[in-house]
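Chain by chain, the residues:
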Amino acid sequence: HLRRGSSVKPWLTDRVLLTCAATRMYNIPSGAMQYLRAGAIFALASSALGLNVKSGQRDPKGPGQPEPTFDGACAECAKHAQYLDRPDPCVCFATDIMSTFENDATKELNTRQEYGTETVNTGKERLPEGWMWHCRPISATPDLWKQCPAA
């Protein structure tokens, strides 16, 4: 036990005695008190982070995030176009990246059915739209990039 008048610093002695008194008064072992403090700090921190995540939803979603509509992608491009006009002016184009390539979510299964074959869609028929914008088409694929209406 620590006593007043020992060679330990006085502020440390008072704090240890206060902690010991609190653990005796509520009959909480000192190790459990540390876990209780850590749990309270964790609960406060996680609730603060949870509030931040919910308030982090933006419209438009922001750079590098696909927009759910063509108009949303064009609006985001128009918002940033004035800063992207060097050396050429930014003319906004958008493409639906979710329909550009096939993937496992839209996979079809071909099986034999009597004397022929049957094709069954194993996933979704089509992924939800996800539009990305750019200041000019970045591929030569015809009909892939659609020009946004002038603002």
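Up top you'll find the structure we're talking about.
Residues numbered from 1 in each chain as written. Predicted model: local features only at pLDDT ≥ 70, side-chain atom pairs only at ≥ 80, totals over all residues. Heavy atoms only, no water.

A. Fine view of the nonpolar core. The biggest cluster of nonpolar side chains holds ten residues, and these are Ala73, Cys74, Cys77, Ala81, Cys90, Cys92, Ala94, Trp131, Cys135 and Cys148. No other element matches the four residues that helix H3 (residues 70–81) contributes to this core. The residues touching Cys135, leaving out its near neighbours within four places in the chain, are Leu84, Cys90, Val91, Cys92 and Phe93. (Core = buried A, V, L, I, M, F, W, Y, C linked by side-chain atoms within 4.5 Å. Buried < 20%, exposed > 50% of the residue type's maximum accessible area, 1.4 Å probe, protein only. Helix = DSSP H or I, 4+ residues; strand = E, 2+ residues; numbered from the N terminus. Contact = heavy atoms within 4.5 Å.)

B. Inspection of the packing of aromatic side chains at higher detail. Under the defined criterion, the tally for this structure stands at one aromatic pair. A ring pair is formed by Phe70 and Trp131, whose centres lie 5.2 Å apart and whose planes are at 70°; its orientation type is edge-to-face. Of this pair, Phe70 sits in helix H3 while Trp131 sits in strand S4 (residues 131–134), placing them 61 residues apart in sequence. (Phe/Tyr/Trp six-rings, centres within 6.5 Å; stacked < 30°, edge-to-face > 60°.)

C. Here's a closer look at the pairing of strand S3 (residues 116–121). As defined by bridge partners, strand S2 (residues 108–113) adjoins S3 across six bridges and the pair is classed as antiparallel. In the strand pairing of S3, Glu108 is matched with Asn121. Between S2 and S3, which follow one another and run antiparallel, lie two residues, and Glu114 among them has a positive phi close to 55°. (Pairing = 2+ DSSP bridges.)

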